[in-house]
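The residues making up each chain are set out below.
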Amino acid sequence: MADHERYRILVVDDDPDILELLSDRLRLMRFQVTCAADGQEALRTLRQEPAPVTLLDLQLPGLGGLEILETIRSEGIQTTVIVITAWGTPQKAVEAMRAGAYDFIPKPLDPAHLEVVINKALERCALREENARLQTELCGLDRPLIGGSPAMLEVVRTAQQAAASNATILIRGESGTGKEILARAIHRWSPRKERPLVVVNCVALSEELLESELFGHEKGAFTGAYQLKRGKVELAEGGTLFLDEIGDIRPALQAKLLRLLQEQEFERVGGTRTLRGNLRFVAATNTDLERLLKQGTFRQDLYYRLNVVKLTLPPLRERKEDLGSLVQYFMEKYSAELRRLPKPVSPAAMAFLARHDWPGNVRELENAVERAVTLSTEPEIQPHDLPIFEPVAGTAVAAASLGSYHEAVLQFKRQLLQDALARTGGNQSRAADALGLQRTYLSRLLKEMGIREPNRSGS
Ligand SMILES: Nc1ncnc2c1ncn2[C@@H]1O[C@H](COP(=O)(O)OP(=O)(O)OP(=O)(O)O)[C@@H](O)[C@H]1O
Ligand SMILES: [Mg+2]
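Residues numbered from 1 in each chain as written. Chains lettered and ligands numbered in written order. Predicted model: local features only at pLDDT ≥ 70, side-chain atom pairs only at ≥ 80, totals over all residues.

Some details on the pairing of strand β5 (residues 103-106)
Then, in step 1: The sheet contact formed by strand β4 (residues 80-85) and β5 spans 4 bridges and is parallel. The partner of isoleucine 84 across the bridge, within β5, is isoleucine 105.
Then, in step 2: Running through helix α5 (residues 90-98), the crossover from β4 to the neighbouring parallel element β5 is right-handed. (Pairing = 2+ DSSP bridges. Helix = DSSP H or I, 4+ residues; strand = E, 2+ residues; numbered from the N terminus. Right-handed = clockwise from strand over helix to strand, strands pointing away.)

Given below as structure tokens:
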């Protein structure tokens, strides 16, 4: 679908002979052509569905070419305009370029010239799309997947096998174990690696927003939908769609998602036309989907559809062999960011890291190393550079020896908060949820107790 559409061209001219001539020629060049005989019709068509390229005659009755260009610009309609000018009116062409036209072709039309200019315009469209794609991908470009422990190698081996196929993959694992990193690696290992990887975070948005983010919407589908918007499903065409936090998706959308997964079919919000995609799906979650199944909040058919290949990332405490290489990787990464030389980690600090349980997994470790790199003043990283504390279980005993009742309670509270933050990799909203507190109340408590918010990097 998208490939065909990418080559749509809108031709606007009031002279029926020229319209016919042009569209015949363009069709011969294997483009898909839409015609408009005047400015109103042109804008109507463009607002409904912008063509990548518009060929626009400047001399039109009623709404003139320049006015159309202004409207295209002010409404932000995504189309590359090539104007057709009468022979010997270079001034007009200059005005049009100022108003946003990309190039011009003088009449009488020279087919070879036409072809060159259109191909150039299409190249520009491809670049623009590529740019949009790179932007969506930007934050996670090629971050390596570190870890040579047997548990990780096992996951990686299955992941690489599955990557070669088109099978839907479900990645599970505690928060901070690297589900997103693995999803990106799967895309890189797959035959679709030259095509986009598009991430949809199912938890971040309301159901309506999520639907339009996924499937796009037609112009006028709801208040504020001023023009057609393509969804992430269309942006990911030919590539991989990564559905993050899939457990948070609401039942009404689950049905539409199931149809996408099964039939590769969907409709834009407010649209009636069924579109087809060509996608590979990778989903991730750290929620207990089986519990949601029992509660009836997650569709069984969707669950089975997602579960074709299941990968579970082991928590860091079960693969402490990876601590060394992870610490080294993060040490180099954050030292480079701060333009410092990486420091060795003292044996005492390393032992400290090895004793910790890492409830926040790799994210917690990454934060710990980042903090140590930032704060360390000695030639080696020392235990006191690390934001780690003993687990809550030991706290009651430790607190009891603190003397005063109030002091002990305060100490206990502090440990609870720190522990919750560590478990969520510093995510205050999740820590608040886990503790059954309001997010704002939690952040007040943190301030009162002088607990520094751990740096969060990545999510
Ligand atoms: N194997 C790994 N190698 C390198 N970095 C990793 C690895 N695993 C995780 N990380 C880093 O840890 C952080 C958390 O990883 P990621 O976002 O993939 O976790 P997640 O499982 O998706 O967590 P959540 O469930 O909270 O979304 C990221 O900054 C990521 O770069
Ligand atoms: Mg994640």
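The rest of the description comes next.
Notes on the environment of phenylalanine 330
Then, in step 1: Locating phenylalanine 330 in the fold gives a position in helix α14 (residues 323-337).
Then, in step 2: Note: C-alpha distance between phenylalanine 330 and asparagine 367 (37 residues apart in sequence) is 9.0 Å.
Then, in step 3: For phenylalanine 330, the contacting residues outside a window of four places in its chain are Leu365, Glu366, Val369 and Glu370. (Contact = placed C-beta atoms within 7 Å.)

Focus on the sheet that holds strand β13 (residues 280-285)
Then, in step 1: Here we have 5 strands laid out as an open sheet, ordered β7-β10-β13-β6-β14, and parallel in their pairing. Each edge of the sheet is formed by a strand with only one pairing partner; in this case those strands are β7 (197-201) and β14 (309-312). Between one strand axis and the next, the sheet turns through 20° on average, direction left out of account.
Then, in step 2: Bridge count for strand β6 (residues 169-172) against β14 is 4 bridges, and the pairing is parallel. (Axes fitted to C-alpha atoms, helices over the stretch in contact; angles between N-to-C directions.)

A word on the nonpolar core
Then, in step 1: If you look at the biggest cluster of nonpolar residues, it comprises 41 residues, and the most contacted ones within it are Ile171, Leu241 and Phe242.
Then, in step 2: Leave out the neighbours within four places in its chain, and isoleucine 171 touches Lys179, Leu182, Ala183, Val282, Ala284, Leu311 and Leu313. (Core = buried A, V, L, I, M, F, W, Y, C linked by C-beta atoms within 7 Å. Buried ≥ 20, exposed ≤ 12 C-beta atoms within 10 Å, placed from the backbone.)

Let's talk about the confidence of the model for the chain
Then, in step 1: Here the chain averages 86 in pLDDT, while 90% of its residues score no lower than 70.
Then, in step 2: Mean pLDDT values for the elements of the chain range from 43 in helix α1 (residues 2-6) up to 98 in β6.
Then, in step 3: Here residues 1-5 is modelled with pLDDT under 50, and outside its nearest four sequence neighbours on either side it reaches 5 contacts, counting other chains as well.
Then, in step 4: A low-confidence stretch, residues 390-400 (pLDDT under 50), is modelled with 12 contacts involving residues beyond four sequence positions or located in other chains. (pLDDT = per-residue confidence, 0-100.)

A closer look at the environment of glycine 426
Then, in step 1: Structurally, the position occupied by glycine 426 is in the loop between α18 (405-423) and α19 (428-435).
Then, in step 2: Exposure remark for glycine 426: the 21 C-beta atoms within 10 Å place this residue in the buried category.
Then, in step 3: Between the C-alpha atom of glycine 426 and that of asparagine 367, which follows or precedes it by 59 residues, the distance is 8.5 Å.

With respect to α14
Then, in step 1: Taking 1.5 Å as the rise per residue, α14 with 15 residues should run 21 Å; its terminal C-alpha atoms sit 21 Å apart, in good agreement.
Then, in step 2: All of the buried residues in α14 are Leu323, Leu326, Val327, Phe330 and Tyr334. Relative to the axis of α14, the buried residues are bounded by an arc of 95° and lie together on one face.
Then, in step 3: Its buried side turned inward, α14 meets α15 (347-355) and α16 (361-375).
Then, in step 4: Positive phi shows up at arginine 339, right after α14, with a value of about 55°. (Expected span 1.5 Å × (residues − 1). Arc of directions from axis to C-beta.)

Quick look at unusual backbone geometry
Then, in step 1: Backbone torsion omega between lysine 107 and proline 108 reads -5°, so that peptide bond is classified as cis.
Then, in step 2: Its place among the elements puts proline 108 in the loop between β5 and α6 (111-137).
Then, in step 3: Phi at arginine 30 takes a positive value of approximately 70°, unusual for a residue other than glycine.
Then, in step 4: Mapped onto the elements, arginine 30 comes out in the loop between α2 (16-28) and β2 (32-36).
Then, in step 5: On the basis of neighbour counts, which here come to 7 C-beta atoms within 10 Å, the residue arginine 30 falls in the exposed class.
Then, in step 6: Positive phi values are uncommon outside glycine, yet tryptophan 358 reaches one of about 50°.
Then, in step 7: Along the chain, the position of tryptophan 358 falls in the loop between α15 and α16.
Then, in step 8: Accessibility expressed as a C-beta count within 10 Å gives 24 for tryptophan 358, which makes it buried.

Examining the pairing of strand β1 (residues 8-12)
Then, in step 1: Across the 5 residues of β1, 4 count as buried, placing the element largely inside the fold.
Then, in step 2: Pairing of β1 with β2, which is carried by 5 bridges, proceeds in the parallel orientation. Looking across to β2, one finds that valine 12 is bridged to alanine 36.
Then, in step 3: Following the backbone out of β1, through α2 and into the adjacent parallel β2, one traces a crossover that is right-handed.
Then, in step 4: Sheet topology places β1 next to strand β3 (residues 53-57); 4 bridges connect them, and they run parallel. Residue isoleucine 9 lies in a different strand from β3, and its bridge partner there is valine 53.

Things to note about the sheet that holds β3
Then, in step 1: As summarised here, the arrangement of the 5 strands in space is β2-β1-β3-β4-β5, forming an open sheet in which the pairing is parallel. Either end of the sheet is taken by a strand with one partner, and the two such strands are β2 and β5. The mean angle between the axes of side-by-side strands here comes to 20°, regardless of whether they run parallel or antiparallel.
Then, in step 2: As paired elements, β3 and β4 share 5 bridges and run parallel to each other. Bridge assignment links leucine 55 to a residue of β4, and that residue is isoleucine 82.

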